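Survey of secondary and tertiary structure
This is what each chain is made of:
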Amino acid sequence: MRKTKFILSLLMLSVCTIVRGSVEDTITAINEHNSIFGDVLSLQKNNPAFMNNAYDKQYSELRVYTDYEKLNRPILYELGDGHNYAGININSYIKLNNTTTVWGSASYRSGNKKDIKWNSTADFSTLYPYIMGDTLGGNLNNERYTFSGGCATKVGRLTIGELIYFRAEHEYRTKDPRPRSIVTDLSMRLGVSYDLGKYLLGTGLGARFYKQTNSVEFFKEDGVIPEYQMLGLGMYHQRFSGNNTSSYYKGTGLCYDINISPTKKNGMYLSAEYNYIPYKRILPDMNSFPITTLYLYNYNGEVGWKTVQKFGWSCFAGINYEKRDGDEHVAGNSSSGEYLVIADMTMFHSHKTDSYIGGALNFNGSAQWNFTGRIGYIDCASNYIFPISKMSFSKLYERIEGQFIGNIKNDITVNCILSASYFHNQNKDITMPYTAMDNANINLMEYTYSNITGNYLIISAKMRADYTPSNWKSYGMFIELGGGRFEGNNNNGNKIYLSTGITF
């Protein structure tokens, strides 16, 4: 019933949006909002104050879709070997007047993830390494609801923007072991920008509030296996693993950004962003003992030049840096069922750096051609203090993407995108205390190391056709088909995506 109400709410939101969107040239808006050249140097869009002039045309889209992916074997046990999703979402960008812009989105997705092992916790990529897992695993059902809304208003030379984003997610399995995770994730941002004439200078602040409840149940008494409270690089908490099958996570974080971008889209772009959030893992069955805390830091920066005209071009450079520090909280002896923290030890460290340079070209004539490319270097390293465990690797990668947007008839527009990325390993190293590890954990780390240090090629293609007859005024419909191929040293697989919807 709640699912039905949510989907009906999406449809009602689309109806409300149509009233505002029916005055725009939909074909021009479709091309602008789906151009890969428009996505170049777009980090400043994370600040809601810069959304006021992010696009020239307003645009709204409602779509239903199905998304399928399958690998011959998982790259990481914790992420599984594929998924099968179906969903509905609506996105809207509306200019209320010359000074105020609003935008928003809402979505619902349902499906399953295939063959998950060593992971009974949702949001693995966020909470790693402090998750709960077991050696059996299986498929996981997944439901996700999201909602976002933003507003930017210009007063004189000053623009003020606000943004809110909310995600609710439910992940579960209906046979032993039966994990269940319920996630609520709320983000809010406030931004300001000042018009200097040729450029906009802005800054912003944000907050994030995260919570997840996580538990595993067994309905068959003869099928109970231990749940591991993982600590990183194959290590797990000896004292609290086994029968402790419940945990919950809490996190409250902040973000800050500073941006410079041209008022007319031609000129220099400079963006820097900082995100920090600590995630505390708590064991409710141990009188809410905080077993670990993960400190997650993200630094993103990008600088470049962009020229938007009949022949457009861009060059850019950037860096994305992620650091994880993990504290383990040492518990004293139980007193009346209560565990007190007697010491904190920072035992886990990891970092990932992605540095890149690139460029883009845009040709506007009777049709639009876009090309983007980048070369980058990824460096990753993780270590556990004792027993000493280390894993590191580095990769060089190249990525190219091309796009064609044009009319094949007066009322039919096609959008074709083809991209390819190749990652080739440069260095790798692993140190593990194998004599202190059991066979299952040795297999986990050897399997992970073999896959993440391999070379791989990713090819993807997408074709979209928009039908916008003149007698429909500014309404239209579209169908989109996409797919991809993953080829690695140890893994290969395919992905296919199909969607259809309306534009207005």
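As a reminder, the structure under discussion sits directly above these lines.
Before going into details, it helps to say that this report is about the structure given with it.

Calculation criteria
Residue positions are given per chain, counted from 1 along the sequence in the order it is written. Note on the predicted model: pLDDT of at least 70 is required for a residue's local features to be given, and 80 or more for side-chain atom pairs to be given and counted; whole-chain, interface and lining totals, by contrast, use all residues. Hydrogens are left out, water is left out, and the side-chain values use all remaining heavy atoms of the structure. Secondary structure follows DSSP: runs of H or I at least 4 residues long count as helices, runs of E at least 2 residues long count as strands, and numbering of each begins at the N terminus. Each radius of gyration is computed over the set of C-alpha atoms, and the globule rule expresses the reference value as 2.2 Å times the number of residues to the power 0.38. The buried label goes to any residue with under 20% of its type's maximum accessible area, the exposed label to any with over 50%, and the partly exposed label to all in between, with areas taken from a 1.4 Å probe on protein chains only. Residue contacts follow a heavy-atom distance rule, with two residues in contact if any of their heavy atoms lie within 4.5 Å. Two aromatic rings, drawn from Phe, Tyr or Trp (for Trp, its six-membered ring), form a pair once their centres lie within 6.5 Å of each other, and the interplanar angle then sorts them: stacked below 30 degrees, edge-to-face above 60, tilted otherwise. Pairs of strands are assigned from DSSP output, requiring at least two bridges between the strands. The term salt bridge refers to a pairing of a side-chain nitrogen on Lys or Arg with a carboxyl oxygen on Asp or Glu at a separation within 4 Å. In protein, a polar contact means a hydrogen-donor-capable atom and an acceptor-capable atom, both N or O and within 3.5 Å, with residues adjacent in sequence counting only if both atoms are side-chain atoms; elsewhere, any N or O pair within 3.5 Å suffices. As used in this record, nonpolar core signifies buried Ala, Val, Leu, Ile, Met, Phe, Trp, Tyr and Cys residues forming a set joined through side-chain atoms within 4.5 Å.

Let's talk about the overall build of the chain
- Each helix and strand counted, the chain has four helices and 21 strands in total.
- The globule rule puts the C-alpha radius of gyration for 504 residues at 23 Å, and the 24 Å found for the chain is close to it.
- C-alpha atoms of the chain, sized along the principal axes, occupy 70 × 50 × 45 Å.
- Of all 504 residues assigned to the chain, the portion counted as buried reaches 49%.
- Sequence separation of at least 24 residues holds for 70% of the intrachain contacts in the chain that already meet a minimum separation of 6.

Examining the packing of aromatic side chains
- Inspection of every chain in the model, using the stated rule, returns 24 aromatic pairs.
- Geometrically, the ring pair formed by Tyr 276 and Tyr 297 is tilted, given 4.9 Å between the ring centres and 35° between the ring planes. Here Tyr 276, found in strand β12 (residues 267-283), pairs with Tyr 297, found in strand β13 (residues 289-307); they are 21 residues apart in sequence, far enough to count as distant.
- Following the ring pairs from residue to residue traces out a cluster consisting of Phe 311, Phe 363, Trp 369, Phe 371 and Phe 404.

Quick look at the sheet that holds strand β4 (residues 132-133)
- One open sheet accounts for three strands, arranged β4-β9-β10; its pairing is antiparallel. This sheet does not close on itself; its edge strands, each paired only once, are β4 and β10 (235-236).
- In terms of strand pairing, β4 meets strand β9 (residues 228-232) through two bridges, oriented antiparallel. From the neighbouring strand, Gly 133 faces β9, where its bridge partner is Tyr 228.

Some points on the pattern of salt bridges
- One pass over the structure, following the stated rule, counts 24 salt bridges.
- Between Arg 167 and Asp 123 there is a salt bridge, and its shortest N-O distance comes to 3.0 Å. Remark: Asp 123 occurs in the loop between β3 (100-116) and α3 (124-127) and Arg 167 occurs in strand β6 (residues 158-172); sequence separation between them is 44 residues. Here Arg 167 and Asp 123 have matching classes, each one buried.
- Among the salt bridges present, the one from Asp 185 reaches Arg 167, with a minimum N-O distance of 3.1 Å. Of the two residues, Asp 185 sits in strand β7 (residues 178-195) while Arg 167 sits in strand β6, which places them 18 residues apart along the sequence.

Description of the environment of Gly 38
- Relative to the helices and strands, Gly 38 is located in the loop between α2 (26-33) and β1 (59-71).
- A C-alpha to C-alpha distance of 9.3 Å links Gly 38 and Val 308, two positions 270 residues apart in sequence.
- The residues touching Gly 38, leaving out its near neighbours within four places in the chain, are Lys 45 and Lys 306.

Let's talk about the environment of Thr 307
- Here Thr 307 shows up in strand β13.
- At a separation of 3.2 Å, a polar atom in the side chain of Thr 307 contacts the side chain of Trp 305.

Observations concerning the pairing of strand β19 (residues 456-467)
- By the bridge criterion, twelve bridges tie strand β18 (residues 412-431) to β19 in an arrangement that is antiparallel. In the strand pairing of β19, Ile 412 is matched with Tyr 467.
- When β19 meets strand β20 (residues 476-488), the two strands line up antiparallel, connected through twelve bridges. Note that in β20 the partner of Tyr 467 across the bridge is Met 477.

A short note on the nonpolar core
- Within the largest apolar cluster, 47 residues are counted, with the highest numbers of intra-cluster contacts made by Tyr 210, Met 230, Leu 233, Tyr 279, Tyr 384, Met 391 and Met 445.
- Counting residues per element, this core draws most heavily on helix α4 (residues 439-452), which supplies five residues.
- Not counting residues up to four positions away in its chain, the partners in contact with Leu 233 are Tyr 128, Phe 348, Ser 382, Asn 383, Tyr 384, Ser 389, Lys 390, Met 391, Met 432 and Met 445.

Some words on α2
- For α2, the tally of buried residues reaches six of eight residues, placing the bulk of the element in the interior.
- Every buried residue of α2 is listed here: Thr 26, Ala 29, Ile 30, Asn 31, Glu 32 and His 33.

Let's talk about the pairing of strand β2 (residues 82-95)
- The element β2 is extensively covered by neighbouring structure, given that ten of its 14 residues are classed as buried.
- When β1 meets β2, the two strands line up antiparallel, connected through twelve bridges. Paired with Lys 70 across the strands is Gly 82, a residue of β2.
- The turn linking β2 back onto β3 is made up of four residues.

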